[in-house]
Amino acid sequence: MSIVRGGGTKVGQPARCRVTFPAVRIVVAVKHVPDIQADRTLGQDGRLARDGGDGTLNEVDENAVEAALVVAESAGGAEVIALTMGPDDAVDAARRALQMGADSAVHVLDEAAAGSDALGTAHVLAAAVRKIAEDGPVDLVVTGMAATDGLTSLVPAALAAELGIVALTLAVDVTVADGAVVVRRELDHADETLRAALPALVSVSDRANEARYPNFAAIMAARKKPVAVWSLADLGVPPDEVGSAGARTRILAAEPRPARKDRVLVTDTGDAGAQLAAYLVEHKLA
Amino acid sequence: MTVLVLLDHTDAGEPRATAPELVALACSLGEAEGVWVGAAPLPAQLPSGLARVHRVAVANDWAPEGEHVAPVVSEAVAAVVDATGASVVLLASTFENKDVAARLGALHGAGVVTDADSVAVEHGTVVAGKTVLAGTWTTRVEVVAPLAVVLVKAGAADAAEPAAAPEVVEHAVAPSYVGGLVEVVERTERAGTGRPDLASAQTVIVGGRGTEGDFGPLEELADELGAAIGATRVATDEGWIAREAQVGQTGVTVSPRLYIGAGVSGAVHHRGGMQAAGTIVAVNNDPDAPIFEIADYGIVGDLFEVLPQATAELRRLRG
């Protein structure tokens with residue numbers, strides 16, 4: 001299924017012939033993650049303990065929401081829909097996006113989705129984006145470049161692949177104009193500027209912008225914004241395709257890293273540099 | 001078992017430092033075959049151990065500069081998987097390759113493991129080791145899909161020696177519709193720094209706020225140790241050093257044998273990118289800096305005193 005507006009672009013049709021549409025509809029995917037400042041643990045099944053009660057919106061997702069809002073504002077009042085998936089608490093991530101300025105939110109909540117790997121998560125999110133598109137075509141999907149829990153960075157490109165749209169990832173700068181998105185990205189070995197016609201997915205880096213901080217009025221206003229709760233059945237996703245059942249990776253063992261032993265802390269009294277050199281040589285590190 | 005290795009290379013056709021490591025790892029798992037995507041010339045020598053190399057030409061009149069974009073590379077790899085019946089694909093764990101792996105997962109049913117520091121075949125299935133939660137946990141992950149795509153961290157294996165390139169098998173793919181939609185407006189490949197690659201270096205020296213922009217003492221120590229230079233987010237934001245030097249959760253992840261943090265406070269974002277290091281040395285004039293909580297060897301002192309003295313003493317000790 002395509003998420004393109006009005007029947008969309010035909011396969012094979014050159015991208016640059018696409019017509020410009022005035023209104024833009026944006027989905028921003030956000031994730032509720034355990035606070036990275038807190039102690040995070042894996043359970044017996046190797047799954048992250050998500051019940052610590054100290055969860056928060058994944059930090060770089062704030063940059064994703066900010067990017068979505070800026071694009072929406074520049075497009076003259078486009079609609080921004082926050083999309084999240086996860087247990088009850090996960091709605092907090094969507095609420096944060098609403099406080100920042102998103103118009104509405106969707107929370108995919110289903111026990112059977114628990115334990116999804118990154119690809120399962122992308123599969124569910126894609127189904128949700130398609131359902132959102134039933135009410136009106138989605139032009140742009142925005143995500144963060146990574147979530148601080150799994151740090152796989154697989155979801156953005158997998159989500160775009162499932163939707164059959166282009167993913168422009170790791171953006172440090174995003175511009176939408178004339179029906180196309182232009183992204184600047186800084187890779188390990190190269191800097192690039194990429195362009196693609198909408199619809200497209202963009203993942204943003206934490207360097208893309210400074211996320212706005214919602215004021216009291218915005219926080220109050222967010223309480224009145226709609227949050228739809230959808231199950232896998234609502235999305236037409238068979239439960240065995242996702243969650244632990246559908247995962248293509250399985251954690252066999254998980255252990256906390258052993259504590260570092262024989263640690264040394266000295267205050268320099270004039271010879272700490274020389275001592276460090278001796279330590280490095282002694283431990284065959286130099 | 002056929003194990004494919006994506007041979008990452010520069011635009012000019014020089015293999016990246018991770019290529020020979022991945023080939024050595026692939027040889028330990030099964031029959032290793034290389035995948036070379038794009039028009040860059042195949043070098044006369046490739047890492048030893050490859051049974052053959054698959055060169056995939058991209059029919060790219062539609063996307064002239066786009067032969068390295070993720071959809072195209074993933075389609076090239078998928079074509080070679082189909083042609084060879086390979087059950088394992090090893091990729092260097094870079095952000096670009098994560099996009100490639102994600103597409104192989106979403107469109108070709110692969111099971112994907114990112115940031116692996118080891119890979120083995122146990123009872124016929126692929127098992128990868130990786131550290132998670134900012135290096136505080138180690139896990140073993142099994143791939144339960146017919147095709148395993150494993151993104152391997154730099155330094156996970158000793159590099160294979162170069163050898164004459166093996167038999168070359170030619171393939172051609174045309175970019176799919178989506179692959180052809182990505183327009184590369186501009187691409188500038190960065191020249192090397194003359195130092196080891198940050199992600200794979202055995203020794204990494206990182207400068208933070210405490211350097212106040214003066215990386216001189218770090219450079220001199222790095223010269224002595226053959227180290228790569230990294231930086232904290234603060235240091236890159238201040239413009240003291242290039243962006244790509246940023247070590248941290250959203251920057252480069254390093255797991256060297258030796259990490260030396262100079263004027264680095266050890267904020268959690270930074271720790272997420274370096275906590276898996278073998279030995280952590282920290283020099284900071286603030287005794288309350290959180291990096292001291294994880295340092296094997298911490299020095300409360302002035303980095304502008306400690307580092308030059310350490311460099312001089314290393315020169316003396318090692319003659």
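Rules behind the numbers
Residues numbered from 1 in each chain as written. Chains lettered and ligands numbered in written order. Predicted model: local features only at pLDDT ≥ 70, side-chain atom pairs only at ≥ 80, totals over all residues. Heavy atoms only, no water. Helix = DSSP H or I, 4+ residues; strand = E, 2+ residues; numbered from the N terminus. Buried < 20%, exposed > 50% of the residue type's maximum accessible area, 1.4 Å probe, protein only. Contact = heavy atoms within 4.5 Å. Areas by Shrake-Rupley, 256 points an atom, 1.4 Å probe, with all protein chains shown as cover. Lys, Arg positive; Asp, Glu negative; His and termini not counted. Charge placed at Lys NZ, Arg CZ, Asp CG, Glu CD. Axes fitted to C-alpha atoms, helices over the stretch in contact; angles between N-to-C directions. Parallel < 35°, antiparallel > 145°, perpendicular 65-115°, else oblique. Left-handed = near helix turned anticlockwise from the far one by under 90°. Nonpolar A, V, L, I, M, F, W, Y, C, P; charged D, E, K, R; others polar. Pairing = 2+ DSSP bridges. Domains from an automatic or database assignment. Buried area = accessible area lost by both parts, 1.4 Å probe. Salt bridge = Lys/Arg side-chain N within 4 Å of Asp/Glu carboxyl O. Polar contact = N/O pair within 3.5 Å; in protein donor to acceptor, adjacent residues only side chain to side chain.

Participant: How would you sum up the overall build of chain A? Please name residues and give values.
Facilitator: Looking only at helices and strands, chain A features eight helices and 13 strands. Counting only C-alpha atoms, chain A reaches 70 × 45 × 40 Å along its principal axes. Counting over 286 residues, chain A shows a buried share of 51%. Within chain A, residue pairs in contact and separated by at least 24 positions form 71% of the contacts whose partners lie at least 6 positions apart. For chain A, the exposed area adds up to about 12500 Å²; of that, 50% sits on carbon and sulfur atoms. One way to put it: in chain A the 28 positive side-chain charges average out to a point 4 Å from where the 39 negative ones average out.

Participant: Describe the packing of helix α4 (residues 155-163) of chain A against helix α3 (residues 95-108) of chain B, and please don't skip the residues or the numbers.
Facilitator: Two elements in contact, α4 of chain A and α3 of chain B, have axes separated by 8 Å at closest approach and are oriented at 40°. One element, α4 of chain A, and the other, α3 of chain B, form an angle in the oblique class. Handedness of the crossing formed by α4 of chain A with α3 of chain B: right-handed. From α4 of chain A, Ala-157, Ala-158, Ala-161 and Glu-162 of chain A reach across to α3 of chain B, where they touch Asp-99, Ala-102, Arg-103, Ala-106 and Leu-107 of chain B. The class makeup of the residues in the contact of α4 of chain A with α3 of chain B is six nonpolar, no polar and three charged.

Participant: Describe the sheet that holds strand β4 (residues 79-85) of chain A, with residues and values.
Facilitator: Spatial strand order, β11(A)-β5(A)-β4(A)-β1(A)-β6(A)-β10(A)-β7(A)-β8(A)-β9(A)-β13(B): 10 strands in an open sheet with mixed pairing. Only two strands of the sheet have a single partner each, and these edge strands are β11 (227-230) of chain A together with β13 (183-189) of chain B. Each strand of the sheet is rotated relative to its neighbour by a mean of 30°, with strand direction disregarded. Along the sheet, helix α1 (residues 59-74) of chain A makes contact with β1 (25-29), β4, β6 (140-144), β7 (166-177) and β10 (200-204) of chain A, crossing β6 of chain A at roughly 155°. Relative to the sheet, helix α3 (residues 118-133) of chain A contacts β1, β4, β5 (104-108), β6 and β11 of chain A, its axis offset from that of β4 of chain A by approximately 145°.

Participant: Kindly report on the domain arrangement of chain B, identifying the contributing residues and their values.
Facilitator: Residues and elements named next belong to chain B. Assigned domains of chain B: these are domain 1 (2-181) and domain 2 (203-317). Taking only C-alpha atoms, the centre of domain 1 and the centre of domain 2 are 32 Å apart. Listed per partner, the contact involves six residues of domain 1 and eight residues of domain 2. Taking both partners together, domain 1 and domain 2 bury about 470 Å²; carbon and sulfur atoms supply 54% of that area. The largest per-residue losses of area from domain 1 upon contact with domain 2 belong to Phe-95, Ala-134 and Lys-153, which jointly make up 71% of the total buried on that side. Applying the counting criterion to the domain 1 and domain 2 interface returns zero salt bridges. Inspection of the region where domain 1 meets domain 2 yields zero residue pairs in polar contact (both at pLDDT 80 or more). Here the residues of the side of domain 1 that touches domain 2 sort into two nonpolar, three polar and one charged.

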